[in-house]
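# Structure at a glance
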Amino acid sequence: MNLCETIMPQITPEDIQRRLRAVLPPGEARIALHEPHFLGNEKRYVTECIDTGWVSYAGAFVQKFEAALAETCGAPCAVCVSSGTVALQIALQAAGVAAGDEVLVPSLTFVATPNAVSHIGAVPHFVDSDEETLGVSPTALAAHLDRIGEARDGRLYNRQTGRRIAALLPVHVFGHPADMDALNALMNRHGIAVVEDATESVGSRYKDKPCGGLAPLATLSFNGNKIVTTGGGGAIVTQDAEIARWIRHMTTTAKQPHPWRFDHDAIAWNFRMPNLNAALGLAQLERLPDMLDAKRRLHQRYAEAFADLAGARLFTDAAFAHSNYWLCALILERGQEAALEPILEATNAAGLSTRPAWTPMHMLPIYAGHPRADVSTAESLSRRILNLPSSPFLAPA
Ligand SMILES: *Cc1c(COP(=O)(O)O)cnc(C)c1O
């Protein structure tokens, strides 16, 4: 046991609960981690789908939602699909990832990230995270690739497995941007593609540029607990109109355009987003600026409530970042790990939904034995992260 552990008093669940109560609205029996609210045109647009009969794959809301998403991400093209997970699969294939390739993935992410890699027959290769951004650490990754990488014909191979390292999937964890300039420069140097997993970061900005527009390909999710929801859905955002066309074709059964013939030129998917979902999404996206304000307000209130708490810090933007604060996170200091479980138990028992970070992917039995870097920071973070209730309506103006 080191000196810090012996002298640092442990954070108590009672103290955390008291500070949460000071921020959260009184009188609610149960406060969820993240809930959607429909305060704008949601009902009107969805009703329009029902009234006109355009509830399925054809209809104007999909195009409108795609245009609005592209604008939000500062990219020319967006293609809507049925989930963030399939968006990742398609984006990886569009980036040239093939079966048998390795894809660099942070171990500290939601399981959908490596699952998408696995579903196309590629192999997730887990890398470490950075304490300041919670995203992939560029310095740790650079050192890891120097250690295990072997350059051949402008491509990088994993010396230990013989497989090509084809892509990096950086994740903007809880909405906080990863250090994309450093990661893009590193991947450029090694000839590795970058696909941004921006599923948690709609509305976040990195050096004043929107997340979702920081790599040639990016993916979004509109799952029910994300900042903008369509009920369920996702999108691929790309800088390249030709790639957007290929994605649209491959996610709609690769049907050749013809008024009545059914000719298909590839074994493709039906990953389309129904108009009904896009209608909900468009109305949600119209309210994104208000939701971002509300989330900043909530983060500010938590910052004040936790300011003088010894042994933990509220996660706050890195200097280059402007997070959407999708999920607010309290980061316990090293030495406070034993406090996490009692806090989770007490707060959830009291109706305040808090959550730990995900179990790191390399620790899941389904991903045991996969290639990985030293992932000790990801492991340590996963024992010290407490996500706090983060719905935008919890901080009324
Ligand atoms: C939500 C999420 C996904 C997947 O999105 P779905 O729409 O639920 O399939 C992928 N990666 C991360 C990091 C996510 O948080």
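Since this is a predicted model, take the numbers as computed values, not measurements.

## As for the packing of helix H10 (residues 275-286) against helix H11 (residues 288-306)
Interaxial distance between H10 and H11 falls to 5 Å at its minimum, and their mutual angle equals 55 degrees. The pairing of H10 with H11 is recorded here as oblique in orientation. Judged by residue contacts, Gln-284, Leu-285 and Glu-286 of H10 engage Leu-288, Pro-289 and Met-291 from H11. Taken together, the residues of the contact of H10 with H11 sort by class into 4 nonpolar, 1 polar and 1 charged.

## Comments concerning the packing of aromatic side chains
For the structure on display, the rule yields 7 aromatic pairs. On the basis of an interplanar angle of 10 degrees and a centroid distance of 5.4 Å, the ring pair of Trp-269 and Phe-271 is categorised as stacked. Given the relative accessible area of 24%, Trp-269 is considered partly exposed. Assessed through its relative accessible area of 13%, Phe-271 is described here as buried. Both rings, one in Tyr-302 and one in Phe-306, keep their centres 6.2 Å apart while their planes meet at 45 degrees; by these two values the pair is tilted. Of this pair, Tyr-302 and Phe-306 are both found in helix H11, 4 residues apart, which corresponds to roughly one turn of the helix. Sitting over the face of the ring of Tyr-157, Arg-152 holds its NZ or CZ atom 4.0 Å from the ring centroid. Positioned over the ring face of Phe-262 is Lys-255, at 5.6 Å from the centre of the ring.

## Some points on the domain arrangement of the chain
Annotation of the chain at the domain level lists domain 1 (3-37 + 288-394) and domain 2 (42-286). The distance between the C-alpha centroids of domain 1 and domain 2 comes to 26 Å. The interface of domain 1 with domain 2 comprises 45 residues on the first partner and 51 residues on the second. If you look at where domain 1 meets domain 2, you find 2 salt bridges.

## Here's the deal with the site of the ligand
Looking at the ligand, there are 16 residues lining it, with Gly-84, Thr-85, Glu-200, Ser-221 and Lys-226 nearest. A distance of 3.4 Å is found between a nitrogen atom of the ligand and a side-chain nitrogen or oxygen belonging to Thr-113. Look at the ligand: alone it shows 380 Å² of surface, and the protein chains cover 93% of it. Looking at the shell around the ligand, the elements with two or more residues in it are helix H5 (84-94) and helix H6 (112-119). Among the elements that make up the shell around the ligand, the one with the highest residue count is H5 (3 residues). In the shell around the ligand, the residues fall into 4 nonpolar, 9 polar and 3 charged.

What counts and what doesn't
Residues numbered from 1 in each chain as written. Predicted model: local features only at pLDDT ≥ 70, side-chain atom pairs only at ≥ 80, totals over all residues. Heavy atoms only, no water. Axes fitted to C-alpha atoms, helices over the stretch in contact; angles between N-to-C directions. Helix = DSSP H or I, 4+ residues; strand = E, 2+ residues; numbered from the N terminus. Parallel < 35°, antiparallel > 145°, perpendicular 65-115°, else oblique. Contact = heavy atoms within 4.5 Å. Nonpolar A, V, L, I, M, F, W, Y, C, P; charged D, E, K, R; others polar. Phe/Tyr/Trp six-rings, centres within 6.5 Å; stacked < 30°, edge-to-face > 60°. Buried < 20%, exposed > 50% of the residue type's maximum accessible area, 1.4 Å probe, protein only. Lys NZ or Arg CZ within 6 Å of the ring centre and 35° of its normal. Domains from an automatic or database assignment. Salt bridge = Lys/Arg side-chain N within 4 Å of Asp/Glu carboxyl O. Near = heavy atom within 4 Å. Polar contact = N/O pair within 3.5 Å; in protein donor to acceptor, adjacent residues only side chain to side chain. Areas by Shrake-Rupley, 256 points an atom, 1.4 Å probe, with all protein chains shown as cover.

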